[in-house]
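Understanding the architecture of this molecule
One letter stands for each residue in the lines below.
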Amino acid sequence: MTQAPAIPPLPWLAPGDDFPPPAQAWGPHAPLPGLLAAGGELTAASLGRAYRQGTFPWFSPGDPILWWCPNPRMVLDPAQFRLHRSLRKTLSHFRRDAACEIRFDSAFERVMRHCAATPRPGQSGTWIVPDIVAAYTELHRQGQAHSVETWIDGELVGGLYLVNIGQALFGESMFAHRTDASKIALAALVAFARTHGLGFIDCQQNTRHLASMGAAEISRAAFLARVAATTGQPGPDWKFQPVYWQQLLGAS
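About the thresholds
- Residues numbered from 1 in each chain as written.
- Predicted model: local features only at pLDDT ≥ 70, side-chain atom pairs only at ≥ 80, totals over all residues.
- Heavy atoms only, no water.
- Pairing = 2+ DSSP bridges.
- Helix = DSSP H or I, 4+ residues; strand = E, 2+ residues; numbered from the N terminus.
- Expected span 1.5 Å × (residues − 1).
- Buried < 20%, exposed > 50% of the residue type's maximum accessible area, 1.4 Å probe, protein only.
- Contact = heavy atoms within 4.5 Å.
- Phe/Tyr/Trp six-rings, centres within 6.5 Å; stacked < 30°, edge-to-face > 60°.

Here we take up the sheet that holds strand E1 (residues 12-13). The four strands lie next to each other as E1-E2-E4-E3, forming an open sheet whose pairing is mixed. With one partner strand each, in any of the chains shown, E1 and strand E3 (56-57) form the two edges of the open sheet. The pairing of E3 with strand E4 (residues 66-68) spans two bridges and is classified as antiparallel. By the bridge assignment, phenylalanine 56 is partnered in E4 with tryptophan 68.

Put into structure tokens, the structure is as follows:
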């Protein structure tokens, strides 16, 4: 009988420690595939180091900080974004309605807290614990985390937040208080990415929803190569212009 590969011990980090190489993340036979390390600290500096090597934190309340670098990796190429007919119709209406607008970074912490109140599919609670909110909010103050917000009649009705280092976009979480409000925010991010020549949006893990919109899995090695090639490049100017919708809807 063939034995399963031995599971290496999980590294436990002290504050300030470097992260292990991503290739050392637990493999498919481990209890938690993609888990790279535990412990360390949640600060803007540690998040910056983590994302530059394709690693992100994800853990439940009461757990230690857990750091992940899964293989394969779910990635959305903006050029491959699938604009389904129903969403195209919604965006066309949104684009023409003076009461509807996309804003960047006007309510970053509110977006995070709304995302925290919207558990991921299959989860009963949230991984966006107060320490996560504090660390990403500080990263936002440093210009490396952003919110894409859907506003209707002066009300924040949906959105998402992400990390941006150089030309690399790392999606985190989204929420919607009205139908399609989070999809509108994602479409706005895609239009922005196309306008600025940004080649990928990290989606972390495979979901049916993301796959339906054009995201696909790539190997960790291919993903890390993209990260290495883009994080050192000049980043975009985080302002949304209505003309960006032409990237999805044309000039009509």
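Past the structure itself, the notes keep going.
Between its first and last C-alpha, helix H4 (residues 130-141) extends 17 Å over twelve residues, near the 16 Å set by a 1.5 Å rise per residue. Along H4, the positions that sit buried rather than exposed are Ile132, Val133, Ala135, Tyr136, Thr137 and Leu139. In this structure, the buried side of H4 is in contact with helix H1 (44-52), E3, helix H3 (108-116), strand E7 (145-152), strand E8 (155-165) and strand E9 (168-176). At the exit of H4 stands glycine 143, carrying a positive phi of roughly 85°.

Evaluated as defined, the whole model comprises 15 aromatic pairs. Taking the centre distance of 4.7 Å and the plane angle of 65° together, the rings of phenylalanine 19 and tryptophan 67 count as edge-to-face. On the criterion of sequence distance, the pair formed by phenylalanine 19 in the loop between E1 and strand E2 (35-39) and tryptophan 67 in strand E4 is long-range, its members being 48 residues apart. Under the relative-accessibility criterion, phenylalanine 19 is labelled buried at 11%. The exposure class of tryptophan 67 is buried, given its relative accessible area of 0%. Each member of the aromatic cluster is reached from another via a ring pair, and the members are Phe94, Phe104, Phe192, Trp238, Phe240, Tyr244 and Trp245.

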